[in-house]
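Residues per chain are reported as follows:
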Amino acid sequence: MVGQILLNLVDNACKYGQDLEHPEIHLETERRGHQLILRVRDHGPGIEVRDRRRLFQPFHRSAEHAVGGQPGVGLGLAVSRRLARAMGADLRLADGPGTCFQLVLQSSST
């Protein structure tokens, strides 16, 4: 499930996070106590404040992206969040330049 979530996030970053000056996509990890945080960050225009509230709802795409001709129907983030929550994790939008999604996994204490 983690692989599918990361694939969806990287695919979205490739489609919507394009920036000619910084075409990179960053995959970052951080361990915080019993959490493992995986981040996918791009240098694109980010997500408009008006679109953030419905971001993880099925079939939601911003008007700009729907008109822009990018493929997709708006299910990737909704499915990714459901997968995350099904395994006791969470998928969140983080603040910052560009767009950054965080997959927060709970690790077992061994």
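Note that the structure is a prediction, hence the values are computed from the model and not measured.

## Some remarks on the pairing of strand S2 (residues 35–42)
Residues in a regular strand project their side chains so that they alternate between the two faces of the sheet.
Then, in step 1: By the criterion of burial, S2 is predominantly enclosed, with 6 of the 8 residues buried.
Then, in step 2: Pairing geometry for strand S1 (residues 25–32) and S2, over 8 bridges, is antiparallel. The residue bridging Glu 30 from the neighbouring strand is Ile 37, located in S2.
Then, in step 3: Hairpin connection, S1 to S2: the antiparallel pair is bridged by 2 residues, and Gly 33 has positive phi, about 65 degrees.
Then, in step 4: In this sheet, strand S4 (residues 100–106) lies alongside S2 in antiparallel orientation, the contact comprising 7 bridges. Bridge pairing in S4 places Arg 41 opposite Cys 100.

## A closer look at helix H1 (residues 2–16)
Then, in step 1: Along its 15 residues, H1 runs 21 Å from first to last C-alpha, staying within 8% of the 21 Å computed at 1.5 Å per residue.
Then, in step 2: Of the residues making up H1, those classed as buried are Ile 5, Asn 8, Leu 9, Asn 12, Ala 13 and Lys 15.

## Side note on a nonpolar patch on the surface
Then, in step 1: A surface patch of nonpolar side chains, amounting to about 270 Å² of accessible area, comprises Phe 59, Leu 75 and Val 79.
Then, in step 2: Topologically, Val 79 is positioned in helix H4 (residues 76–86).
Then, in step 3: Taking the relative accessible area as the measure of exposure, Val 79 reaches 39% and is therefore partly exposed.

Procedures and definitions
- Residues numbered from 1 in each chain as written.
- Predicted model: local features only at pLDDT ≥ 70, side-chain atom pairs only at ≥ 80, totals over all residues.
- Heavy atoms only, no water.
- Buried < 20%, exposed > 50% of the residue type's maximum accessible area, 1.4 Å probe, protein only.
- Helix = DSSP H or I, 4+ residues; strand = E, 2+ residues; numbered from the N terminus.
- Pairing = 2+ DSSP bridges.
- Expected span 1.5 Å × (residues − 1).
- Patch = residues over 30% accessible without salt bridge, like charges linked within 9 Å, V, L, I, M, F, W, Y side chains within 5 Å.
- Areas by Shrake-Rupley, 256 points an atom, 1.4 Å probe, with all protein chains shown as cover.
- Salt bridge = Lys/Arg side-chain N within 4 Å of Asp/Glu carboxyl O.

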